[in-house]
Amino acid sequence: MYGRACSMNSIINKKAQTQHLADLFLTVVLGALVLLVVGFMFNAALSTRESKTLTTTVEFRRMDSAISNLRSKVLAGEDITPGAVDSLIEQSKVLGGKIITTCSDYFTAEDCNLDAVQIGLGSVVSCRWEKKTKSCTTVVRGDLR
Amino acid sequence: MNNKRGALLHWVVVGVFLAIGVFLVAARSGIRLPEQGRWQLDFLEQTYLQAEKDQLQIELAALHAAQELVVMLAKNGGYLPGSASPCGAFQGTNLWNRQAERCFPDAKRTALGQMEALLREKLPATTFTELGFQGTFAYGKGQLQMITTPSASYTYDPSYALDIRYNFLEYEQLKQEAERLLIRCGGRADTADCIHDAKPLTWKRGTLCIREEPLSAQKIVPFCVVSRYRPDDALLEYHLALDFTTAYPPLEVVS
């Protein structure tokens, strides 16, 4: 009789752990949801970090290209005011893989006349394409003759 | 009696949810991960980019110093402002000769000395061991500079080689033309006519290159000569004076 009671208890204990298949299913589903939530949070943080790094890297490349561009202009004898260097670096932007610091850097008439990267925004100068020389020159606003 | 061991799994799940809830409340702004490559980017920004900017400023300073110097010397007949030619001056223009005595300037040497002084003033933190002008280029060899940050140090070379769009050899040409003019017209009665016929086209009598002064009988004549170079995109003018009072013997060539 004692042996019979023991075997019945064992059967009851095992049944209590996974009494309903629903409980198991619920546990698995909830576990998966928890992992999803945690995974989503970490993924969001990772992509934020990635985009931040990319932005900083792109900004570094832009500044490096701008400085190189200015140095090549100076080496060719072009006059640049020392005090304007920082503002020229700040206003430089990339267009079609090329750095644009001043109007002379535009290589198509359309981009030049439109000032595609708006380097003249907020200043008294604008860009104009010269058909004769096929180059983009800087003009002072109000002097567009 | 039901076995309560089965309830443990449920309480664990509840515990996990509680933990997530506490975490979400505590990290209200989300999970923040440090930027990848932060140290490397900081290093590049604080050292490499700064070195590039410094080199750009050095090149700009050297270019402006050289261009200012060229214009300054030309205006004073190859001499520095404030220093007169050994032969004196006529109406504020330095004389390149006094009768038979020659006072042709050594403009290149003067420029080198003054360039050193100008760079010391514009770039006090940079030392140049060698300065020179070759062709249309001005060059300077600088001592290595170091940029130090709390976590790194970076060394760069501040030397420069710039196209100043001017060649000091033009002074040799001017000297030859002056010499020829003096030999041909020195000590003559018709000096004015002789100068008018013999002077090169780029030489204008007087102090203005845009307007030539009329012929006059004076024997000491100031000239304005237009250079073929334009270092700062503006017209470059040499101002010098020649003395035609006496006959001018040519230099003896010693072989």
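What you see is a predicted model; the values in this text were computed from it and never measured. (Residues numbered from 1 in each chain as written. Chains lettered and ligands numbered in written order. Predicted model: local features only at pLDDT ≥ 70, side-chain atom pairs only at ≥ 80, totals over all residues. Heavy atoms only, no water.)

Colleague: For this particular structure, what's the right way to read the state of the cysteines?
Modeller: By definition, a disulfide is the covalent link that joins the sulfur atoms of two cysteine residues. Residue and element names in this part refer to chain A. On inspection of all chains with the given rule, the structure shows five disulfides over all chains. Covalently, C103 is tied to C127 through a disulfide, its sulfur atoms 1.9 Å apart. The disulfide joining C103 to C127 has a torsion of about -70° about its S-S bond and is therefore left-handed. Here C103 is found in the loop between β2 (98-100) and α4 (109-114), whereas its partner C127 is found in strand β3 (residues 125-130), with 24 residues between them in sequence. C127 matches C103 in its accessibility class, with the two residues each being buried. (Disulfide = S-S within 2.5 Å. Helix = DSSP H or I, 4+ residues; strand = E, 2+ residues; numbered from the N terminus. Buried < 20%, exposed > 50% of the residue type's maximum accessible area, 1.4 Å probe, protein only.)

Colleague: Got a minute to help me understand the sheet that holds strand β5 (residues 128-134) of chain B in this structure?
Modeller: Strand pairing in a sheet relies on backbone hydrogen bonds. The paired strands run either parallel or antiparallel. Residue and element names in this part refer to chain B. Read across the sheet, three strands follow the order β5-β6-β9 without closing on themselves; strand pairing throughout is antiparallel. Of all strands in the sheet, those with a lone pairing partner are β5 and β9 (160-163), marking the two edges. On average, adjacent strands in this sheet sit at an angle of 10° to one another, irrespective of strand direction. With six bridges connecting them, β5 and strand β6 (residues 137-142) associate as antiparallel partners. Of the residues in β6, the one forming a bridge with G132 is Y139. In the packing of helix α2 (residues 38-75) onto the sheet, the strands contacted are β5 and β9, and the crossing angle to β9 comes to about 50°. (Pairing = 2+ DSSP bridges. Axes fitted to C-alpha atoms, helices over the stretch in contact; angles between N-to-C directions. Contact = heavy atoms within 4.5 Å.)

Colleague: Where do I start with a nonpolar patch on the surface in this structure?
Modeller: Taken together, F25, V29, L33 and L36 of chain A make up a surface patch of nonpolar side chains, about 390 Å² in accessible area. Mapped onto the elements, L33 of chain A comes out in helix α2 (residues 21-75). (Patch = residues over 30% accessible without salt bridge, like charges linked within 9 Å, V, L, I, M, F, W, Y side chains within 5 Å. Areas by Shrake-Rupley, 256 points an atom, 1.4 Å probe, with all protein chains shown as cover. Salt bridge = Lys/Arg side-chain N within 4 Å of Asp/Glu carboxyl O.)

Colleague: How should I be thinking about the sheet that holds strand β12 (residues 237-243) of chain B in this particular structure?
Modeller: Residue and element names in this part refer to chain B. Spatially, β10-β11-β12 is the arrangement adopted by the three strands of the open sheet, whose pairing is antiparallel. Either end of the sheet is taken by a strand with one partner, and the two such strands are β10 (203-205) and β12. The average angle at which neighbouring strand axes cross in this sheet is 30°, direction not considered. Relative to strand β11 (residues 220-226), β10 runs antiparallel, the two sharing three bridges. Counted as the bridge partner of W203 is V225 from β11.

Colleague: Where do I start with the interface of chain A and chain B in this structure?
Modeller: Accessible area lost when the parts come together is the quantity often used to give the size of an interface. Every contact between the two is made by 35 residues of chain A and, on the other side, 36 residues of chain B. Note on chain A versus chain B: buried area summed over both sides is about 3500 Å², and carbon and sulfur give 68% of it. The largest per-residue losses of area from chain A upon contact with chain B belong to R49, F60 and R71 of chain A, which jointly make up 18% of the total buried on that side. Applying the counting criterion to the chain A and chain B interface returns two salt bridges. Run the count over chain A and chain B and you get five residue pairs in polar contact (both at pLDDT 80 or more). Breaking the side of chain A that touches chain B down by element, the ones donating at least two residues are α1 (2-17), α2 and α3 (85-91) of chain A. The element that contributes the greatest number of residues to the side of chain A that touches chain B is α2 of chain A, accounting for 23 residues. Residues of the side of chain A that touches chain B, tallied by class, amount to 19 nonpolar, nine polar and seven charged. (Buried area = accessible area lost by both parts, 1.4 Å probe. Polar contact = N/O pair within 3.5 Å; in protein donor to acceptor, adjacent residues only side chain to side chain. Nonpolar A, V, L, I, M, F, W, Y, C, P; charged D, E, K, R; others polar.)

Colleague: I keep staring at the side chain of D115 of chain A and nothing clicks. Help me out?
Modeller: All names here are of chain A. Looking at where D115 falls in the secondary structure, it is placed in the loop between α4 and β3. By relative accessible area, which is 11% here, D115 ends up buried. Of the polar contacts made by the side chain of D115, one reaches the side chain of Y106; its length is 2.5 Å. Discounting residues that sit within four places of it in the chain, D115 has contacts with Y106, G120, L121 and C127.

Colleague: Sorry, what's going on with unusual backbone geometry here?
Modeller: Trans is the prevailing form of peptide bonds, just as negative phi is the prevailing case for residues other than glycine. All names here are of chain A. Despite not being glycine, D115 shows a phi value in the positive range, around 55°. Of note in the backbone geometry, K134 takes a positive phi value of approximately 50° without being a glycine. A relative accessible area of 65% means that K134 is categorised as exposed.

Colleague: What is the right way to read the pattern of salt bridges from this model?
Modeller: It is possible for side chains of opposite charge to pair when their charged atoms get near one another. Using the criterion set out here, one finds 15 salt bridges over all chains in the structure. Ionic contacts of the salt-bridge type, sharing partners, join the residues R71 of chain A together with E52 and E59 of chain B into one network.

Colleague: Quick question: what am I supposed to make of the packing of α2 of chain A against α2 of chain B here?
Modeller: Helix packing geometry: the angle between the two helix axes and the distance between the axes. Put simply, α2 of chain A and α2 of chain B touch, their axes get as near as 10 Å, and they point 15° apart. In terms of their interaxial angle, α2 of chain A and α2 of chain B are classed as roughly parallel. Between α2 of chain A and α2 of chain B lies a crossing whose hand is left-handed. Listed contacts from α2 of chain B to T53, T56, T57, F60, M63, D64, I67, S68, L70, R71, V74 and L75 of chain A of α2 of chain A are R38, L41, L44, Y48, L49, E52, K53, Q55, L56, E59, L60 and L63 of chain B. Looking at side-chain class alone, the contact of α2 of chain A with α2 of chain B contains 13 nonpolar, five polar and six charged residues. (Parallel < 35°, antiparallel > 145°, perpendicular 65-115°, else oblique. Left-handed = near helix turned anticlockwise from the far one by under 90°.)

Function cannot be inferred from these measures alone, as they are strictly geometric.
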